[in-house]
Amino acid sequence: QVQLVESGGGLVQAGGSLRLSCAASGRTFSSYGMGWFRQAPGKEREFVAGTSWSGGYTSYADSVKGRFTISRDNAENTVYLQMNSLKPEDTAVYYCAATVDTHSNTWYEYQYWGLGTQVTVSS
């Protein structure tokens, strides 16, 4: 099993940047595909970005492509989400998730979830 704890959320003006971190417990972090999802009030949870166990493969939602970057440090058991050029529509709770699959863009294929961190982008 793996436990996930997100950090780095906050309030930022439109056009600003934030870097989210997700610290994982357990000695097998490097065997999990990792993803970031978000959920805004009244909306369904949506895929933001994902990476394979090695970090060699990444994918992004079209809405964040070119603005967000996912990366991981297996030595530190941490996955990151660098968010640039933030927009008000990026406001949501951001969740880190782990999957035993190599990679997935769908939330129901992730077995482990953090509690989330709030990101609020003001206009």
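Conventions we followed
- Residues numbered from 1 in each chain as written.
- Predicted model: local features only at pLDDT ≥ 70, side-chain atom pairs only at ≥ 80, totals over all residues.
- Heavy atoms only, no water.
- Salt bridge = Lys/Arg side-chain N within 4 Å of Asp/Glu carboxyl O.
- Helix = DSSP H or I, 4+ residues; strand = E, 2+ residues; numbered from the N terminus.
- Buried < 20%, exposed > 50% of the residue type's maximum accessible area, 1.4 Å probe, protein only.
- Polar contact = N/O pair within 3.5 Å; in protein donor to acceptor, adjacent residues only side chain to side chain.
- Contact = heavy atoms within 4.5 Å.

## Looking at the pattern of salt bridges
Counted by the stated rule, this structure contains 4 salt bridges. In this structure, the salt-bridge partner of Arg38 is Asp90, at a minimum N-O distance of 2.9 Å. Here the residue Arg38 occupies a position in strand S4 (residues 33-39), and Asp90 occupies one in the loop between strand S8 (78-83) and strand S9 (92-99), the gap between them amounting to 52 residues. Take Arg38 and Asp90: they sit in the same class, and that class is buried.

## Quick notes on unusual backbone geometry
Notably, Asn77 is not glycine yet its phi reads approximately 55°, a positive angle. On the secondary structure map, Asn77 appears in the loop between strand S7 (68-73) and S8. Phi is positive for Ser85, close to 50°, though the residue is something other than glycine. Relative to the elements of secondary structure, Ser85 occurs in the loop between S8 and S9.

## Details of the side chain of His103
Relative to the helices and strands, His103 is located in the loop between S9 and strand S10 (112-113). A distance of 2.8 Å separates polar atoms of two side chains, one belonging to His103 and the other to Ser59. In this structure His103 touches Phe47, Gly50, Thr51, Ser52, Tyr57 and Ser59, once residues within four positions along its chain are discounted.

So yeah, pure geometry; function would need other evidence.
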